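# Descriptive structure summary
This is what each chain is made of:
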Amino acid sequence: MLSFTSSLSPDTEAFAIFVTEKYRYKDKSDILSKQTIQKINSYLDVLKTKRKDEELSSFDISNGQKCFVIKVKNKHENFYPQEIGGSFFSYIQKNKNIKKIEFYQESLDFDKEESIKFFSEFVFGFNLKSYTFNKYKTIDKEKLPKKIDFKIISSNKEKIEKKYNYYNSIKEGVFLTRDLVSEPPNVLSPRAYVSEIKKLSKLGLKIKAYDERELKKLGMNALLGVGQGSANESFLVTIEWQGKSKTENKPLAFVGKGVCFDTGGISLKPARFMEEMKYDMAGSAVVIGLMKSLALRKAKINVVGVVGLVENMPGSNAQRPGDIVKSYSGKTIEVLNTDAEGRLVLADALSFTEKKFKPKFIIDLATLTGAIIISLGEEYAGLFSNNDELAKNIFKASENVNEKVWRLPLHKNYDKLMNSQIADVQNINYAGGAGSITAAQFLQRFILNKTPWAHLDIAGMAFSKKAANLNPGGATGFGVRLLNDLIKNFYE
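Below or above, wherever it landed, is the structure these notes cover. Please read these numbers as outputs of a predicted model, since none were measured by experiment. Positions within a chain are numbered from 1, following the residues in the order the chain's sequence is written. In keeping with the model being predicted, local features are shown solely for residues with a pLDDT of at least 70 and side-chain atom pairs are shown and tallied solely at 80 or more, while totals for entire chains, interfaces and linings include all residues. Think of the side-chain values as coming from all heavy atoms in the structure, minus any hydrogens and water.

Looking only at helices and strands, the protein has 14 helices and 19 strands in total. Computed over C-alpha atoms, the radius of gyration of the protein comes to 25 Å, within 12% of the 23 Å expected from 2.2 N^0.38 for 492 residues, which places it in the range of a compact globule. Overall, the protein is about 85 × 50 × 40 Å in size when its C-alpha atoms are taken along their principal axes. Burial status follows relative accessibility: with a 1.4 Å probe on protein chains alone, a residue under 20% of its type maximum counts as buried, one over 50% as exposed, and anything between as partly exposed. Taking all 492 residues of the protein together, 57% fall into the buried category. In what follows, residue pairs with any heavy atoms lying within 4.5 Å of each other are defined as contacts. Looking at the protein alone, contacts between residues at least 24 apart form 78% of all its contacts between residues at least 6 apart. In these tables, accessible area is a Shrake-Rupley quantity obtained with a 1.4 Å probe, and a residue counts as shielded only by the protein chains included in the view. Surface exposure of the protein reaches about 21900 Å², of which carbon and sulfur atoms provide 49%. Each helix corresponds to a stretch of at least 4 residues labelled H or I by DSSP, and each strand to a stretch of at least 2 residues labelled E; elements are numbered beginning at the N terminus. When we talk radius of gyration, it's over C-alpha atoms, and the globule rule is simply 2.2 Å times the number of residues to the 0.38.

Turning our attention to the nonpolar core. Membership of the largest hydrophobic core comes to 65 residues, with the highest contact counts inside it found for Tyr193, Phe254, Ile363, Leu456 and Leu483. At 9 residues, helix α8 (residues 282-296) tops the list of elements feeding residues into this core. Not counting the four nearest positions on each side in its chain, leucine 483 is found in contact with Phe254, Val286, Leu290, Ile363, Leu365 and Leu456. In this text, buried Ala, Val, Leu, Ile, Met, Phe, Trp, Tyr and Cys residues form a nonpolar core when linked through side-chain atoms within 4.5 Å. By size, the runner-up hydrophobic cluster in this structure holds 37 residues, among which are Tyr210, Ala253, Val255 and Phe442.

With that settled, the discussion passes to the environment of glycine 432. With respect to the element layout, glycine 432 can be found in the loop between β16 (425-426) and α13 (435-444). Exposure remark for glycine 432: the relative accessible area of 46% places this residue in the partly exposed category. A sequence separation of 15 residues divides glycine 432 from leucine 417, and the C-alpha atoms of the two residues are 8.7 Å apart.

Attention now goes to the sheet that holds strand β12 (residues 332-335). By definition, the strands of a sheet pair up through backbone hydrogen bonds, in either a parallel or an antiparallel sense. Two strands qualify as a pair provided that DSSP identifies no fewer than 2 bridges between them. Reading across from one edge, β11-β12-β16 is the order of the 3 strands in this open sheet, with mixed pairing throughout. Where the open sheet ends on each side, the last strands, each with one partner, are β11 (323-326) and β16.

Moving on, we come to a positive patch on the surface. A surface patch of like charges, here positive, comprises Lys162, Lys163, Lys300 and Lys488. Structurally, the position occupied by lysine 300 is in the loop between α8 and β10 (302-312). Put simply, a patch holds well-exposed residues, over 30% relative accessible area, that have no salt bridge, with like charges counted together within 9 Å and Val, Leu, Ile, Met, Phe, Trp or Tyr side chains within 5 Å. Between Lys or Arg on one side and Asp or Glu on the other, a salt bridge is scored when a side-chain nitrogen of the former is within 4 Å of a carboxyl oxygen of the latter. Under the convention used here, Asp and Glu are negative, Lys and Arg are positive, and both His and the chain ends fall outside the count. In plain terms, the charge of a residue is placed at NZ if it is Lys, CZ if Arg, CG if Asp and CD if Glu.

This part takes up unusual backbone geometry. In this structure, aspartate 30 takes a positive phi of about 50° despite not being glycine. Even without being a glycine, lysine 358 presents a positive backbone phi close to 45°. Turning to its location among the elements, lysine 358 is positioned in the loop between α9 (342-357) and β13 (361-366).

Pairing is mixed in the open sheet, where 8 strands are placed in the order β7-β8-β10-β9-β13-β17-β14-β15. Edge positions in the sheet fall to β7 (206-210) and β15 (405-407), since each has one partner strand and no second. Looking at each pair of strands side by side, their axes are set apart by 20° on average, direction ignored. As paired elements, strand β14 (residues 381-385) and β15 share 3 bridges and run parallel to each other. For glycine 382, the partnering residue across the bridge sits in β15 and is tryptophan 406. Packed on one face of the sheet, α9 meets β7, β8 (235-242), β9 (252-262), β10, β13 and β17 (453-457) and runs near 155° to β9. An axis is simply a line fitted to the C-alpha atoms; with a helix, the fit covers only the stretch in contact. Between two such axes, the angle follows the N-to-C directions and lies from 0 to 180 degrees.

Considering all chains together, one arrives at 24 salt bridges under this definition. A salt bridge links glutamate 113 to lysine 159, with the nearest nitrogen and oxygen atoms 2.6 Å apart. Here glutamate 113, found in helix α3 (residues 112-129), pairs with lysine 159, found in helix α4 (residues 157-182); they are 46 residues apart in sequence, far enough to count as distant. For glutamate 113, a relative accessible area of 40% gives the class partly exposed. In this structure, lysine 117 engages glutamate 121 in a salt bridge whose closest nitrogen and oxygen atoms are separated by 2.8 Å. Linking lysine 117 with glutamate 121, this pair stays in helix α3, spanning 4 residues, or about one helical turn. Judged by relative accessible area, lysine 117 falls into the partly exposed class, the value being 42%. A single salt-bridge network, built from bridges that share partners, covers Arg24, Lys26 and Asp109.

Function-wise, these values are silent; they only describe arrangement.
As structure tokens, then:
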């Protein structure tokens with residue numbers, strides 16, 4: 001809930017003004033006293049003299065009041081307002097005593113509409129950076145980061161609220177994604193995950209969960225094979241948002257890998273860092289977060305999300321290396337490595353999505369390969385596609401929000417590395433090399449009707465041990481803003 005005020009509170013402990021690169025600002029509403037203006041101008045004169053490049057600085061107006069100065073670049077990228085908002089939250093956190101702050105929106109030396117747009121995105125970035133996941137902390141709670149409350153000093157309440165509500169819808173989706181990825185695997189089992197998804201039905205989303213009995217009847221043996229070594233049941237869930245009449249346009253489809261915990265199965269992973277495998281459901285969490293955002297902002301588009309939820313465990317009934325399963329598509333898969341499980345889940349989910357919903361396009365997201373981290377680190381997600389226009393639009397959206405993607409090739413020659421001698425396809429490339437590409441090449445085989453399709457390998461992007469501009473470290477929520485921008489600017 002936004003809080004507005006028409007003037008600077010006399011007892012406020014902190015307020016923030018925006019200045020240009022030449023340290024100009026406006027006091028359009030005449031809310032600053034002459035004494036306060038004198039102190040601000042004196043401080044800005046010092047900054048000009050020192051020629052410091054810091055975008056963020058502060059000084060004391062009095063013993064009980066601090067003024068923050070936010071210097072705004074004249075020329076900047078689309079995502080800059082959000083990023084400086086995130087940076088400002090981090091800057092304030094260094095001042096442990098600051099719990100409330102008032103933003104003087106009209107100090108921005110822009111025209112009215114540009115000022116409102118910049119400020120709304122600034123607050124969006126500020127809020128994204130404020131995320132915490134502390135629900136399991138039981139001691140020393142007073143040492144945890146405190147929420148910073150803010151008020152907005154502005155006469156543009158209605159317009160700011162409208163833009164804020166749009167960005168808040170996206171924030172809620174990002175936060176849901178981060179929450180889901182952060183949950184421990186003993187809490188977020190596939191069944192518990194289904195329960196969390198069903199809570200979103202109150203937003204107008206149509207949700208259908210297929211249990212193992214139904215999945216067997218459908219012939220989703222690739223997905224079921226991954227989960228058969230676990231005591232936890234496997235599911236496939238569809239989430240539909242209808243923002244237009246069904247006859248107006250085909251839905252956009254987003255498919256997510258939801259391996260709630262991945263031991264590697266019989267092809268067991270090393271113990272070191274295995275705890276990070278709770279993040280192997282991040283692709284599905286992005287889809288769920290995106291669907292929440294679209295519902296909250298009442299997007300004028302039809303969209304379907306599909307997630308396969310399993311747990312990959314080495315139980316007595318676990319899938320074995322060498323097993324052959326018949327997928328939903330009818331194609332048979334030789335399972336040479338049970339740790340290449342995400343592609344098995346996606347194979348069935350992709351074919352099912354294409355056949356049932358006949359979408360305009362399909363984009364899948366998955367923490368699919370360690371090889372993509374070797375290739376691109378934690379800077380870019382891997383992008384693979386059978387459609388140049390779709391790939392181009394995803395790339396443009398990634399530049400708009402600074403959730404970067406890099407396109408890698410797909411080529412029929414890579415198929416040779418995935419051909420099985422005794423089945424239609426094998427699930428890993430034993431020849432070595434191009435691990436992310438051959439994984440994508442495998443997935444492409446389960447797009448049966450030439451539907452435009454893109455695969456985003458987010459293994460390096462879903463979680464970060466270090467903080468970044470818009471997240472405090474941990475689950476990032478990467479993909480929600482990217483896909484929302486893609487929908488908003490190219491398809492809605």
